[in-house]
Amino acid sequence: MALFGVVEILLAIILFTAIHYWKLNRNTPITKWPVVGMLPGLFYNTSNIHDYLNSKLKQCGGTFTFEGPWLANMNIVFTCDPMNVQHITSTKFENYGKGNDFREIFEVLGDGIFRSDSDIWKYNRTLLHSIFRQESFQKWLRVGEEKTFIENQKIVDEMLYSEIKSKRDIKNQNQQKPDLLSTLMNEVRDGENRIDDKFLRDTAINLLAAGRDTISSSLTWFFWLVATHPFVEAKILEEIKEKLASKEDNKKDLGVEGLSKLVYLHGALLEALRLYPPVPFEHKSPLEHDVLPSGHKVKENTMIVYSLYSVGRVEEIWGEDCLEFKPERWISKRGGTIHVPSYKFIAFNAGPRSCLGKDISFIQLKMVAVAMLLNYHVHVVEDHPIIPSVSVVLYVKDGLKVNIKKRSI
Ligand code: HEM
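Within every chain, residues take consecutive numbers counted from 1 along the sequence as written. Under the rules for a predicted model, residues below a pLDDT of 70 receive no local features and side-chain atom pairs below 80 are neither given nor counted, while totals for whole chains, interfaces and linings still include all residues. Processing note: side-chain calculations cover all non-hydrogen atoms of the structure and skip hydrogens and water entirely.

The name recorded for the chain in an unreviewed UniProt entry is Cytochrome P450, from Pisum sativum. UniProt positions are given in the numbering used here, feature names are shortened, and annotations may be inferred rather than shown by experiment. For the chain, the Cofactor (unreviewed entry) comment in UniProt is given as "heme".

S.K.: Break down the packing of helix H7 (residues 153-172) against helix H9 (residues 197-211) for me, with residues and values.
M.R.: Put simply, H7 and H9 touch, their axes get as near as 10 Å, and they point 115° apart. Here H7 runs over H9; the crossing is right-handed. When H7 is examined against H9, the residues Gln 153, Val 156, Asp 157, Leu 160, Tyr 161, Ile 164 and Arg 168 are found in contact with a partner set consisting of Asp 197, Lys 198, Leu 200, Arg 201, Ala 204, Ile 205 and Leu 208. Angles run from 0 to 180 degrees between N-to-C directions of axes, and those axes are lines fitted to C-alpha atoms, restricted for helices to the stretch in contact. To qualify as a helix, a DSSP run of H or I must reach at least 4 residues; to qualify as a strand, a run of E must reach at least 2; elements of each kind are numbered from the N terminus. Put simply, a crossing is left-handed when the front helix is turned counterclockwise from the back one by less than a right angle, and right-handed when it is turned clockwise. The criterion used for residue contact is that any of the two residues' heavy atoms lie within 4.5 Å.

S.K.: For the confidence of the model for the chain, give the residues involved together with the corresponding values.
M.R.: Per-chain confidence: the chain averages 87 in pLDDT, with 89% of residues scoring 70 or above. The predictor attaches a confidence to each residue, called pLDDT, with possible values from 0 through 100. Across residues 140-150, confidence stays below pLDDT 50; counting only partners more than four residues off in sequence or on other chains, it has 21 contacts.

S.K.: If you had to explain the side chain of Arg 313 to someone new, which residues and values would you point to?
M.R.: The topology assignment puts Arg 313 in the loop between helix H14 (308-311) and helix H15 (315-318). Here Arg 313 falls in the buried class, since its relative accessible area comes to 11%. Definition of a polar contact: a pair of N or O atoms within 3.5 Å, with one able to donate and the other able to accept a hydrogen when the atoms are protein atoms, and with sequence-neighbouring residues admitted only if both atoms are side-chain atoms. Polar side-chain contacts of Arg 313 include one of 2.7 Å to the backbone oxygen of Leu 275. In terms of polar contacts, Arg 313 uses its side chain to reach the side chain of Tyr 309, at 3.4 Å. Buried means the residue's accessible area, taken with a 1.4 Å probe over protein chains only, is under 20% of the maximum for its type, while exposed means over 50%, and partly exposed covers the values in between.

S.K.: Which residues make up the state of the cysteines, and what are the values?
M.R.: Disulfides are defined in this document as cysteine sulfur pairs within 2.5 Å. Scanning the entire structure with this criterion turns up zero disulfides. Just so you know, Cys 60 is unpaired, no disulfide at all, and the nearest cysteine sulfur is the one on Cys 80, 8.9 Å from it.

S.K.: Can you explain the coordination of the iron atom of the ligand? Please cite residues and give values.
M.R.: Within the protein, just one atom coordinates the iron atom of the ligand: Cys 355 (SG), at a distance of 2.3 Å. Following the sequence through the fold, Cys 355 ends up in the loop between H15 and helix H16 (358-375). Coordinating donors are taken to be N, O and S atoms lying within 2.8 Å of the metal, or within 3.2 Å when the metal is Na, K or Ca; because water is excluded from the atom set, some sites may appear incomplete.

S.K.: Quick one: what's the story with helix H3 (residues 49-59), residue by residue and with numbers?
M.R.: Ile 49, His 50, Tyr 52, Leu 53, Asn 54, Lys 56 and Leu 57 are the residues of H3 that are buried. Elements that come into contact with the buried residues of H3 comprise helix H2 (39-44), strand S1 (63-66), strand S2 (76-79), strand S4 (281-286), strand S7 (303-307) and H14. Of the residues flanking the end of H3, it is Gly 61, one or two places downstream, whose phi is positive at about 70°.

S.K.: Provide a residue-level description of the packing of helix H11 (residues 230-243) against helix H13 (residues 263-275), including the pertinent values.
M.R.: Two elements in contact, H11 and H13, have axes separated by 8 Å at closest approach and are oriented at 145°. Side by side, H11 and H13 meet where Val 232, Lys 235, Ile 236, Glu 239 and Lys 243 of the first sit next to Val 263, Tyr 264, Leu 265 and Ala 268 of the second. The residue inventory of the contact of H11 with H13, partitioned by class, reads six nonpolar, no polar and three charged. Residues were grouped as follows: Ala, Val, Leu, Ile, Met, Phe, Trp, Tyr, Cys and Pro as nonpolar; Asp, Glu, Lys and Arg as charged; and all remaining residues, including Gly, as polar.

S.K.: Please set out the site of the ligand residue by residue, giving values where relevant.
M.R.: Whether a residue is near a molecule or strand depends on its heavy atoms: it is near if one of them lies within 4 Å of it. With respect to spatial proximity, 25 residues lie near the ligand, and among them Lys 98, Trp 121, Arg 125, Arg 353 and Cys 355 are the closest. Separating an oxygen atom of the ligand from a side-chain N or O atom of Trp 121 is a distance of 2.7 Å. The separation between an oxygen atom of the ligand and a polar side-chain atom of Arg 353 is 3.0 Å. Looking at the shell around the ligand residue by residue, the class counts come to 14 nonpolar, seven polar and four charged.

Take a look at the structure:
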C-alpha cells in the first residue's frame, strides 16, 4: 500500500500553495492570485475605481506595484506620492514620456500636443504658448460647431477640415476674426509659415479635447458641491454682491478684472478641482530605468500611473479633513489665495507639461459660476446617485439631476 494516496498529495499541494500565496499577499495591497495576478481585485472594484485605488495607495504609503496576469506584461506602478509626481513631471521630465499605449489609444489626436513627445511636443508647446498669451485667443471657444464631435474619426476630420477651409477662404477675403484657427494660420516662425491643414486639424482637436469636457466636468462637480453646502453658497453670493460692481439693470460686471476679486469663489473652485480633478489620472513611461523618490525601481517602458484624484486626498498634504469641501483652506489670513505647489495641487498637472489653459479655465469657470448662482438656485434632486465615472474625464456617472429656480438678489 502506498504511503500517501492521490487525495493526500493534492491536499498537500493545495495547502502549500495557499500558504505560499498567504505569505506573498501579507504585504500587498491587492490580493495576488495564481495566473491572473491582481486583476480580479481591480475588476471587482471597477465601478468604484478611484476610491478603491485611493484606499490602496493610502494603505501602502502612496505607491505600490500592481502585478497583472502572468506573461501579460501588465505591471503598473500606481502612485500619489507628491515627491514621485514632482520627480516624474519636473525633476526628471526628459525621462518620462506618454508611452506607446497612450499613443495607440489616442490616435485620433494626431500629432497634436497631447499625443506627442520630444521635438514635436516642444514645437506644439512653444507655438500654443505664444498664442495662449494673445488676448484675442480668449475668443477661441468659437472654433467650429463641435456638436457632432468625435462620433468617429472620419466625421471629426470632415468637420475640422471644412472649418479650416472656410477660415482660409475668409482669410483670403481679408475678413479674418481673431479666433484660434485664424490666429494659428498667421503664425510665422523663423520667417516662414509652416502651418498646414493637418497641423491645424491636430491642434484644433487637441484643444477641443483639452478644454471642453474638463470645463463641463469641473462645473458639474462644483455646482453639486456648492448646492450641497449652503453655507459656501451663501458666502459666494455675499462676495459677489460685495465685490462685483453693478452695470445697468443691476447686472454684475463679469469682466476679467472683476472676477479676479472673487477670492472665496476661487477657493471654492480650487477645492472642487482638488476633490474631483477632471483628469483623474496621468500615465507615463520612463525612457530609461530609474528609481523614484519613494524607492520604487522602474524599468524602461514601465507603466506609471499617478492618480490626480488621490494626490488631492493625501492626508499629509491636506490634513485630516482632506475629504471635506472647505474653500476656507485656500484663504490666507490676509484674505488672499494660499499658493500650493502644482505637484501637490495637481489638477492642472505639473512641470513643463502642465495645462496651458489654466488661466483661461478659471475665467470661464468663474463667469459661468457667477452668472448661474446670481440668477438661479440650483437644488440637487435627492437620492440620485453621485458617483465618479470610470473614464479619461471624471464625469458624474449618471449625470447631475437638479431643479432650477429663478433667483433674484
Ligand atoms: C478645469 C479645466 C482644465 C483642467 C482641469 C485641465 C487639466 C489638464 C491636465 C491634467 C493636463 C495634462 C494632460 C496630459 O499631459 O495628459 C492638461 C494639459 C493641457 N491642457 Fe488643460 N485642463 C483644463 C482646461 C483646459 C483648457 C480650457 C484648455 C485650452 C483651451 C487646455 C489646454 C491644455 C493643453 C494644450 C494641454 C497640453 C499641455 C502639454 O502637453 O504640454 N486645458 N490640462
